Amino acid sequence: MTGSRLGLMGGTFNPIHFGHLRAAEEVAEGFRLSRLLFVPSGQPPHKPHRPVVEFEHRLAMVRLASAGRPGFGVSDVEGHRRGPSYTVDTLGFFQKAWGPAATLYFIVGLDAFLDVASWRDYRRLFTLAHLVVISRPGTDPLDLEPLLKAMVSVDYAWYEGERAFFHPRLLPVHYRPVAPLDISSSAIRRRAHRGESIRYLIPDPVREYIDNNRLYQPIGPDGLSFGRGKEENV
Ligand code: NAP
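Residues numbered from 1 in each chain as written. Predicted model: local features only at pLDDT ≥ 70, side-chain atom pairs only at ≥ 80, totals over all residues. Heavy atoms only, no water.

Draft legend 1. Spatial organisation of the environment of Y105. Turning to its location among the elements, Y105 is positioned in strand β4 (residues 103–109). The class of Y105 is buried, set by a relative accessible area of 5%. Contact partners of Y105, with chain neighbours within four places excluded, come to R5, L6, G7, L8, F31, L33, H130, V132 and H174. Within the structure, the side chain of Y105 is placed 3.2 Å from the side chain of R5, a separation counted as a polar contact. (Helix = DSSP H or I, 4+ residues; strand = E, 2+ residues; numbered from the N terminus. Buried < 20%, exposed > 50% of the residue type's maximum accessible area, 1.4 Å probe, protein only. Contact = heavy atoms within 4.5 Å. Polar contact = N/O pair within 3.5 Å; in protein donor to acceptor, adjacent residues only side chain to side chain.)

Quick look at the structure:
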């Protein structure tokens, strides 16, 4: 797989929604990616005390959401590892699997990126993959500069024409505005727990999967979901 550009979009995807999909679409197009893989977290490292829907369900929903879009795929690599799913291990895995001629692009939202200094072995991320930070309305790329300089290296410099921070030795950090879709997994779960419609926030096959598998069930006044234990489908 020489000379390919592989995009990796990690996420808890609890559940995947049109905000994720549209961001992936725009980055795949903008960077002319050969392939883009969604990588659901096995055990999200930043949510150790917050139960999430089982990996197999989140994986199945991501598969349904991305099916039929040529060039998009799903990796279950984080589901095979024990313990928390660290991004540095995932990028190391893909670097090995795809070989040195492939360029990796790790796509990450601004909120997640702003926490990057708390991630395992985070400095190594900047040697493994180009980071593509997806921007949200109201953010400015230069907001990232103090973080990059303080936490990674003072040698990162912003190049307006490229919309990226470049470094003499580390890989670039790109900044990409995407369509501002104000959709979040947590708001979808809240709506579902209140028994409200989640139609048009997520692809129909994902909505049907949620219904058929009784995920994110309405929660009664006692805090328990109707039909299953609360912990199983938050
Ligand atoms: P998530 O909530 O499922 O979201 C996946 C990505 O989509 C995030 O980067 C998120 O950006 C973005 N996104 C969500 N809604 C969006 C919208 N409406 N429009 C555009 N983009 C949207 O995933 P997550 O739980 O934050 O995890 C993100 C990745 O970071 C995962 O691969 C996780 O493993 C990794 N991570 C690694 C470590 C570690 O290695 N120690 C620690 C923490 C996270 P926002 O963040 O801006 O919402």
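Draft legend 2. Just the site of the ligand, in detail. Residues in close proximity to the ligand total 27 residues, the closest being T12, H46, G109, A112 and L181. Residue F13 places a main-chain N or O atom 2.9 Å away from an oxygen atom belonging to the ligand. L110 places a polar main-chain atom, nitrogen or oxygen, 3.3 Å from an oxygen atom of the ligand. With the chains in place, 91% of the 890 Å² that the ligand exposes on its own is no longer accessible. Within the residue set of the shell around the ligand, elements represented by two or more residues are β1 (5–11), α1 (18–30), β4 and α4 (110–114). When grouped by side-chain class, the residues that make up the shell around the ligand number 12 nonpolar, 11 polar and 4 charged. (Near = heavy atom within 4 Å. Areas by Shrake-Rupley, 256 points an atom, 1.4 Å probe, with all protein chains shown as cover. Nonpolar A, V, L, I, M, F, W, Y, C, P; charged D, E, K, R; others polar.)

Draft legend 3. Region of interest: the nonpolar core. In terms of nonpolar packing, the biggest core is built from 34 residues, with L8, F94, F113, F126, L148, Y156 and V173 touching the most fellow members. In contact with F113, not counting residues within four places along its chain, are V108, F126, L131, V133, L144, L147, L148 and V173. A23, V27, F31 and I198 belong to the second largest nonpolar core, which has 32 residues in total. (Core = buried A, V, L, I, M, F, W, Y, C linked by side-chain atoms within 4.5 Å.)

Draft legend 4. Highlighting the environment of A179. Tracing the backbone through its elements, the reader meets A179 in the loop between β8 (173–177) and α7 (185–193). With relative accessibility at 30%, the residue A179 sits in the partly exposed group. Spatially, the C-alpha atoms of A179 and I134 are 9.7 Å apart, while their sequence positions differ by 45 residues.

Draft legend 5. Structural context of the pairing of β1. Summarising burial for β1: 5 of the 7 residues are buried, a large majority. Relative to β4, β1 runs parallel, the two sharing 5 bridges. Along β4, the bridge assignment pairs M9 with I107. Relative to strand β2 (residues 35–40), β1 runs parallel, the two being bridged by 6 bridges. Counterpart to G10 in the pairing with β2 is V39. This β-α-β element, β1 to α1 to β2, shows right-handed connectivity. (Pairing = 2+ DSSP bridges. Right-handed = clockwise from strand over helix to strand, strands pointing away.)

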